[in-house]
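Residue-level structural notes
If you want the building blocks of each chain, they are given just below.
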Amino acid sequence: MSFKQIILSLTLLCTALSLRAQQPAANWCGTSADITPWLEWYRDHRHEFVQMRSDDMIYVPVTIHIVGTDEGLNHFSLEKAVQAVCGMNEHFAPANIGFYLFPGDPVRYINNTEWFEHQYSGGAQMIQDNNIPDRLNAYIVSDPAGACGYSWMNAIVLKSACSGTDNTTWSHEAGHHFSLPHTFSGWENTDWNYAQPAPSTVGDNRLVERMDGSNCDIAGDFFCDTPPDYLNDRWQCDDNQESNQLQIDPDSVSFRSDASFLMSYASDYCQSRFSLEQIDAMRANLETQHASYIQVTDLEAGVDDNLQVQLVSPIDSHIVQYNNFELVWNPVPHATIYAVEICLYPSFGEQVRLFYKTVYNETSVTVAQNILNNRTLYWRVRAYNEWDVCNPNDNLQVGILKTRNISATNELERVVTAELSPNPVVAGMPALLNVTSDETMNAKLHITDASGRICVQQELRIYPGENKLDIETNQLQAGVYIISVQNDKGLLLKRLVVTE
Ligand SMILES: [Zn+2]
């Protein structure tokens, strides 16, 4: 069969595929247990592909759809999504398959609470309404039907909490997208006592793969270099990268599952690879069912990983208004995507991160949120572009800034901030006054009612950092009160509403 004939018979096949598309089953991975019609077709034609096998790079364009709530909140970070695509590149490198972001259209933000946390009906609607042809569409949501991710309706859908740099979810779902079944294919949703020899068929009358390899090309996942695996729930691997769970094949041969396969259910840290036959199938899938993805034969220039993004301002401990300031940097050659972070310490890292935003085709960002006042903070910028989604450079220029309340009317307001919560508060319940200071000082706290009568009077000792002060409301009737903190530096006022 010629390549053209192959593509022709596939066109017919794709029509069949859309008719057969079944709702996936919820699990760690929600992808349907079915073998796709394409893989059934490939099983009977793979010898023709083996003859045409090449090592040419195949590049796959990706657009990331980041879904937030109706209010436009809780979008997954674009930089983390870019890093997830980078992680796919590492896993797919032995297959000579590379992913890049679609130039000019790398990311789309969607605000829809019903898709942000969805059941399969919502996921179907999301994909139907947003899928872009001729590229891999990756959707990131908070809850994809209870799973870590799924591959369905010519898209992959990923859970944000399963999309970190330590996760293999994206590569696993992309494997499904390019036709791969689970290594334990057929066993999905089957309860089994592994102390028993396996039956000869499982699930929807699927052949169970045997250790002697006698049926490896027609049983399980159809691949002979992925040995039997019957484990359909998440499992940990041992030091040999194998399952602790022993299984017994229909010939009573016992074995452990190989944890290194990305298409298994081994924990993410165990997984690292696709088998050679899996790679052949994915490449064949790309050349036929997903041939429209193949649009470039080379990537354009990326970002030089040794280049530092030059920061313009603020640097050198410049003082900024703590809740409204701008970060500016110089453009880096070829860069289009910049990830900006502000941290409490120059060590950076997620634990001390106060601000994190990834911008596209911009070289400044406005911080218009309440970031810590009276603090020395550190910021840096990392650069990417659509062709180059990996940037391992940790030698980045660090800018130092100081936050102040420049608009304060007195010195105390300048050096101290106070947050009051909850407000309103129910009488009898304590409210919390969180005072942040950069120096040690004494002050007086007064609570005054609407008629100016002092209800509470207290001496305060304020230390550098956060000071959490309980405001007792036992003695207060419902009404409006003024909380004042005062010393020789000035006065700070907060309004407290006490309800019944
Ligand atoms: Zn899966």
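Residues numbered from 1 in each chain as written. Predicted model: local features only at pLDDT ≥ 70, side-chain atom pairs only at ≥ 80, totals over all residues.

**What to know about the sheet that holds strand E15 (residues 325-329)**
Selection rule: When DSSP finds two or more bridges between two strands, those strands count as paired. Strands here are runs of E lasting at least two residues and helices are runs of H or I lasting at least four, both read from the DSSP assignment and numbered beginning at the N terminus. Axis definition: a line fitted to C-alpha atoms, limited for helices to the stretch in contact. Angles are taken between N-to-C directions and run from 0 to 180 degrees.
Here we have 3 strands laid out as an open sheet, ordered E13-E15-E18, and antiparallel in their pairing. The outermost strands of the open sheet, each flanked by one partner alone, are strand E13 (311-313) and strand E18 (364-367). Along the sheet, successive strands turn relative to each other by an average axial angle of 25°, direction set aside. Bridge count between E13 and E15: 2 bridges; the pairing is antiparallel.

**Description of the confidence of the model for the protein chain**
Our working rule: Every residue gets a pLDDT, meaning the predictor's confidence in that residue, from 0 to 100. With C-beta atoms placed from the backbone, a contact is any residue pair whose C-beta atoms sit within 7 Å.
This prediction gives the protein chain a mean pLDDT of 91; 94% of its residues lie at or above 70. Considering only residues more than four positions removed or in separate chains, one finds that residues 1-26, a stretch of pLDDT under 50, has 37 contacts.

**Quick word on the packing of helix H2 (residues 37-52) against helix H7 (residues 276-287)**
In plain terms, the rule: We call two directions roughly parallel when the angle between them is under 35 degrees, roughly antiparallel when it is over 145, roughly perpendicular when it lies between 65 and 115, and oblique otherwise. When residues are sorted by character, Ala, Val, Leu, Ile, Met, Phe, Trp, Tyr, Cys and Pro go into the nonpolar class, Asp, Glu, Lys and Arg into the charged class, and all the rest, Gly among them, into the polar class.
Following both chains from N to C, one finds H2 and H7 inclined at 100°, their axes separated by 10 Å at the closest point. Taken together, the axis directions place H2 and H7 in an arrangement best described as roughly perpendicular. Of the residues in H7, those touching H2 at Trp 38, Leu 39, Tyr 42, Arg 46, Phe 49 and Val 50 are Asp 280, Ala 281, Ala 284 and Asn 285. Considered class by class, the residues forming the contact of H2 with H7 number 7 nonpolar, 1 polar and 2 charged.

**Quick notes on the environment of Val 389**
Looking at where Val 389 falls in the secondary structure, it is placed in the loop between strand E19 (376-384) and strand E20 (399-404). Residues Val 389 and Asn 89 lie 300 residues apart in sequence; the distance between their C-alpha atoms is 8.7 Å. What Val 389 contacts, discounting residues up to four positions off in sequence, is Val 82, Val 85, Cys 86, Asn 89, Tyr 100, Leu 101 and Tyr 384.

**As for the nonpolar core**
The condition is simple: In plain words, the nonpolar core is the set of buried Ala, Val, Leu, Ile, Met, Phe, Trp, Tyr and Cys residues that C-beta atoms within 7 Å link up. Using C-beta atoms placed from the backbone, we call a residue buried if 20 or more other C-beta atoms fall within 10 Å of its own, exposed if 12 or fewer do, and partly exposed for counts in between. Where each domain begins and ends is defined by an automated method or by a domain database.
Val 62, Ala 81, Val 85, Tyr 139 and Ile 140 are the most contacted members of the largest nonpolar core, which has 84 residues in total. Residues from two domains meet in this core; each of domain 1 (3-180 + 278-293) and domain 2 (311-404) gives at least three. In this structure Ile 140 touches Ile 64, Ile 66, Val 67, Phe 76, Ala 81, Leu 158, Ser 160 and Ser 163, once residues within four positions along its chain are discounted. Ala 431, Ile 447, Tyr 481 and Val 485 belong to the second-largest nonpolar core, a separate cluster that totals 18 residues.

**Some details on H2**
Note the cut-off: Helices are assigned an expected span. That span is 1.5 Å times one less than the residue count. The reported bend at a residue is simply the angle between two axes, fitted to the 7 residues ending at it and to the 7 residues beginning with it.
Here H2 contains 16 residues, and its C-alpha end-to-end distance of 22 Å stays within 8% of the 22 Å for a straight helix at 1.5 Å per residue. Approximately 65° is the largest bend angle found in H2, and it occurs at His 45. Pro 37, Trp 38, Leu 39, Trp 41 and Tyr 42 are the residues of H2 that are buried.

**Regarding the packing of helix H3 (residues 78-92) against helix H6 (residues 169-177)**
Two quantities define a packed helix pair, namely the angle between the helix axes and the distance between the axes. What counts here: Left-handed describes a crossing whose near helix is turned anticlockwise from the far helix by less than a right angle; the clockwise case is right-handed.
At a minimum axis separation of 8 Å, H3 and H6 run at an interaxial angle of 65°. Like other packed secondary-structure pairs, H3 and H6 cross with a definite hand, here right-handed. Note on element contacts: H6 touches H3 through Trp 170, Ser 171 and Ala 174, opposite Ala 84, Gly 87, Met 88, His 91 and Phe 92. For the contact of H3 with H6, the per-class residue count stands at 5 nonpolar, 3 polar and no charged.

**Side note on unusual backbone geometry**
A cis amide bond, omega -5°, links Ser 313 with the succeeding residue Pro 314. A cis amide bond, omega 10°, links Asn 423 with the succeeding residue Pro 424. With respect to the helices and strands, the residue Pro 424 is situated in the loop between strand E21 (416-421) and strand E22 (425-426). The phi torsion at Gln 241 lies on the positive side, around 60°, for a residue other than glycine. Positionally, Gln 241 belongs in the loop between strand E10 (206-207) and strand E11 (247-248). In this structure Gln 241 comes out as partly exposed when scored by C-beta crowding, with 16 C-beta atoms within 10 Å. Backbone geometry places His 334, a non-glycine residue, at a positive phi of 75°. When you line up the elements, His 334 lands in the loop between E15 and strand E16 (337-343). Note on His 334: 17 C-beta atoms within 10 Å, which makes it partly exposed.

**Side note on H7**
Helix length check: H7, at 12 residues, gives a terminal C-alpha distance of 16 Å against a target of 16 Å (1.5 Å per residue), a fit within 8%. Listing the buried residues of H7 in full gives Gln 278, Ile 279, Ala 281, Met 282, Arg 283, Ala 284, Asn 285 and Leu 286. At its buried positions, H7 is contacted by H2, strand E1 (58-68), strand E2 (97-101) and H6.

**Describing the domain arrangement of the protein chain**
Accessible area lost during the coming together of the parts is what is often quoted as the interface size. The domain architecture assigned to the protein chain consists of domain 1 (3-180 + 278-293), domain 2 (311-404) and domain 3 (416-499). With centres defined by C-alpha atoms, the gap from domain 1 to domain 3 works out at 54 Å.

**Examining the pairing of strand E8 (residues 155-159)**
Counting buried residues along E8, 5 of its 5 residues qualify, which places the element largely inside the surrounding structure. Side chains Ala 155, Val 157 and Lys 159 project from E8 onto one buried face, and the interleaved Ile 156 and Leu 158 project onto a second face that is buried too. Where strand E5 (residues 136-141) lies against E8, 4 bridges are found, and the strand directions are parallel. Among the inter-strand pairings, Ile 140 is bridged to a residue of E8, identified as Leu 158. Bridge count between strand E7 (residues 149-152) and E8: 4 bridges; the pairing is antiparallel.

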